[in-house]
Amino acid sequence: MEEAHLLRPVLVILIAAIAVVSLFRRVKVSPVVGYLFAGVLIGPHGLGLVTDVEAVEALAEFGVVFLLFAIGLELSIGRLLAMRRHVFGMGTLQVALSAVLITALARLAGLTTAEALVLGGAMALSSTAVVMRTLQEDGAVHGRAGRMALAVLLLQDLAVVPLLTVIPLLGAQGGSLLRELGIATLKAAAALGIIMAAGRLLLRPVLRGVAAARTPELFTGITLFLVLGVSWATALAGLSMALGAFLAGLLISETEYRHQVEADIAPFRGLLLALFFMAIGMGIDVGVLAGSWHVVGAGVLAVLAAKAIVVAGLARAFGQPWGTAVFLGFALSQAGEFGFVLVTLATTAKALSAETGELAMLVIAVSIAVTPLLMRAGHAAARRVHRTADADAELAGDARDLRRHVLILGLGRVGRTVVQLLKTTDRAYLALDRDAEAVAEGRARGIAAYFGDGSQPQVLRAAGVERASVVVITLDDTASALRALHAIRAEDHDVPVIARARDTAQCEILEGAGATAVVPELVEGSLQLGGRLLLALGEAEDAVEAALDEMRRDRYRLLADTQKRDDAAAAATGESE
């Protein structure tokens, strides 16, 4: 019977998650909002179906751990070093300026200096879990905005160390703040150095030995051990467990086992992250919120506005286009999950009164809850302020470090197919299209898509056409394709250009304009259909391939002659009629 009693809250959580999130999916609302709502519904301040929130929160914290581990797997140490200017530059300034501005607003609201400082530090951090999960859903993690958001969030994780040291001292009498802060910083630096060194020396041999055993459950076990072990080590050093998990993922990303590891942790990440969002919902006291809605609402608006202004301003100062800056302002404006930890610590240390602490918890929870909606609004606002000049600046910035990449002009059906093929080879690419909706749709699918006219020299230069290994023109309009081809040849005579054509007549036009190779889709489609027919009739595969190659030889010469005769016959028939 005891086992049945323990199973009840688990069943309630699962049923609520399935029912509520399925409903939210139907109305096209982010699952994150669904999980938060489900938590409010079943929590102690809702229907009271789950009352032991602390136990749920303890387990749910590992959702953020596995999320950061997965993000680390998708990066590499080289890419992280390339982001150092934004991590330590923009990230540091964001935390500092946000903390100062929120502290000033809190003082104006009548709080004491100690309370204002606590809230400034706690509210300066953003929600890694919600922001990164929403970016993953939108396929935007690897885009410009995704990389910038990750850079700021990583620095915020590092900022937890000094904040955990400073906040207890704000409630104490006396004490050497600088000495404690220095000790905490040294401990953190030493822990990070040891973890990175040990990981580089030991990780690959350990994974190789486990993989050699050919026991899937053993490999899954060592993966979980690495995630939780490194997280535990960083927690002992006063750092966040999420930062430790990110380092573990970063180290494994340099090995040949990253894809298997990523597959092994995917179920744990999704389940625990959902539990994390539900735990936040369970912590929202609807009664207090209803009684103090004006105070909580004012606090939420103040935090969102202050951080949005700071983040957007810094993004512009660090060279980001207006569209990206506006989106980042919306995306990083909320308070974060570490704010709960810092506010609880401050309340225990008497640096924050119990009443102020409870209201601060609600401000954090509500700001996190509205984040998916804010990010959707951020996308809409970014599109409104996005101008061609911004598009060119964004394109030039992203293409600056690319070498030997593939430049794709056109993001229709054919262009998207080319992108999917390139993704299987991990080749760098950029895709341009003049249709803003096609670009937005492509980005939602994780495509490196940019707004721009491929027939304009400045756009081609911004896309790095002179450094490209090949240009692919997938435009179905011959006139547009010709304009793009002339512009490409004006910029670079030697870069190979592969173009799409409807038939052999268009092939000749594009080849005459300087295309290296042209593929007539109607002819190629008929060849593929004929090949399948021959295989179905029992012909040998080698013989079929030889026949197709023969037909393709000399630029479809035989087919072109046939098409010309057909066109002439059709014209003659028209004249006789």
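Everything here concerns the structure above.
A brief structural summary. (Residues numbered from 1 in each chain as written. Predicted model: local features only at pLDDT ≥ 70, side-chain atom pairs only at ≥ 80, totals over all residues. Heavy atoms only, no water.)

Examining the overall build of the chain
If you tally the helices and strands in the chain, you get 26 helices and six strands. For the chain, with 577 residues in total, the buried portion stands at 48%. Pairs at least 24 residues apart make up 74% of the contacts formed inside the chain by residues separated by at least 6 positions. Surface accessibility of the chain: about 27400 Å² in total, with carbon and sulfur atoms responsible for 63%. (Helix = DSSP H or I, 4+ residues; strand = E, 2+ residues; numbered from the N terminus. Buried < 20%, exposed > 50% of the residue type's maximum accessible area, 1.4 Å probe, protein only. Contact = heavy atoms within 4.5 Å. Areas by Shrake-Rupley, 256 points an atom, 1.4 Å probe, with all protein chains shown as cover.)

Some points on a nonpolar patch on the surface
Nonpolar side chains collect at one region of the surface, where L7, V10, L11, L14, I15, I18 and L271 lie side by side and expose about 660 Å² of accessible area between them. The element that contributes the greatest number of residues to the nonpolar patch is helix α1 (residues 2-26), accounting for six residues. Mapped onto the elements, L7 comes out in helix α1. Overall, the relative accessible area of 44% leaves L7 in the partly exposed class. (Patch = residues over 30% accessible without salt bridge, like charges linked within 9 Å, V, L, I, M, F, W, Y side chains within 5 Å. Salt bridge = Lys/Arg side-chain N within 4 Å of Asp/Glu carboxyl O.)

Focus: the pairing of strand β4 (residues 470-473)
By the alternation rule, side chains of β4 split into V470 and V472 and V471 and I473, which are all buried. Two elements, strand β1 (residues 406-409) and β4, share four bridges in a ladder whose sense is parallel. Directly across from I408, in β4, lies its bridge partner V472. Between the parallel pair β4 and strand β5 (residues 497-501), the chain is carried across by helix α23 (residues 478-491), and the sense of this crossover is right-handed. (Pairing = 2+ DSSP bridges. Right-handed = clockwise from strand over helix to strand, strands pointing away.)

Side note on the sheet that holds β5
If you trace the six strands from one edge of the open sheet to the other, you get β3-β2-β1-β4-β5-β6, paired in parallel fashion. Here the strands that pair on one side only, and so sit at the sheet edges, are β3 (449-451) and β6 (517-520). With strand direction ignored, the average angle separating the axes of adjacent strands in the sheet is 20°. Of the pairings in the sheet, the one linking strand β2 (residues 429-433) to β3 comprises three bridges and is parallel in character. Looking across to β3, one finds that D433 is bridged to F451. With respect to the sheet, helix α20 (residues 413-423) is in contact with β1, β2 and β5, its orientation differing from that of β1 by roughly 160°. (Axes fitted to C-alpha atoms, helices over the stretch in contact; angles between N-to-C directions.)

Regarding the layout of surface pockets
The calculated volume of the second largest pocket comes to roughly 740 Å³. When residues of the lining of the second largest pocket are traced back to their parent elements, those giving at least two are α3 (53-74), α11 (241-252), α12 (258-282), α16 (337-348) and α17 (354-369). With seven residues, α3 is the largest single contributor of residues to the lining of the second largest pocket. Partitioning the lining of the second largest pocket into residue classes produces 18 nonpolar, four polar and six charged. (1 Å grid on protein atoms, 1.4 Å probe; cavity = no way out; pocket = protein on both sides within 12 Å on 5 of 7 lines; lining within 4 Å. Points joined across faces, edges and corners; volume = space filled by probe spheres on them. Nonpolar A, V, L, I, M, F, W, Y, C, P; charged D, E, K, R; others polar.)

Topic: the packing of aromatic side chains
Scanning all chains against the criterion turns up zero aromatic pairs. Above the face of the Y450 ring, R443 is positioned so that its terminal group lies 4.8 Å from the ring centre. (Phe/Tyr/Trp six-rings, centres within 6.5 Å; stacked < 30°, edge-to-face > 60°. Lys NZ or Arg CZ within 6 Å of the ring centre and 35° of its normal.)

A closer look at α20
What α20 keeps buried is the set V414, G415, V419 and L422. Buried residues of α20 fall within an arc of 140° about the axis and therefore sit on the same side. Opposite the buried face of α20, at more than 90 degrees from it, the exposed residues are R413 and L421. (Arc of directions from axis to C-beta.)

Structural notes on the pattern of salt bridges
A complete count under the given rule lists three salt bridges for this structure. Where E466 meets R467, a salt bridge forms, and the shortest distance between an N and an O atom there is 3.0 Å.

A look at the nonpolar core
Note that soluble globular proteins tend to have their nonpolar side chains buried in a common cluster. In terms of nonpolar packing, the biggest core is built from 102 residues, with M123, F277 and M278 touching the most fellow members. Ranked by residues supplied to this core, first place goes to helix α8 (residues 144-170) with 13 residues. If sequence neighbours within four positions are ignored, M278 has contacts with I13, A16, A17, Y35, A38, G39 and I42. Core analysis: the second largest hydrophobic core is formed by 28 residues, L409, V465, A513 and A515 among them. (Core = buried A, V, L, I, M, F, W, Y, C linked by side-chain atoms within 4.5 Å.)

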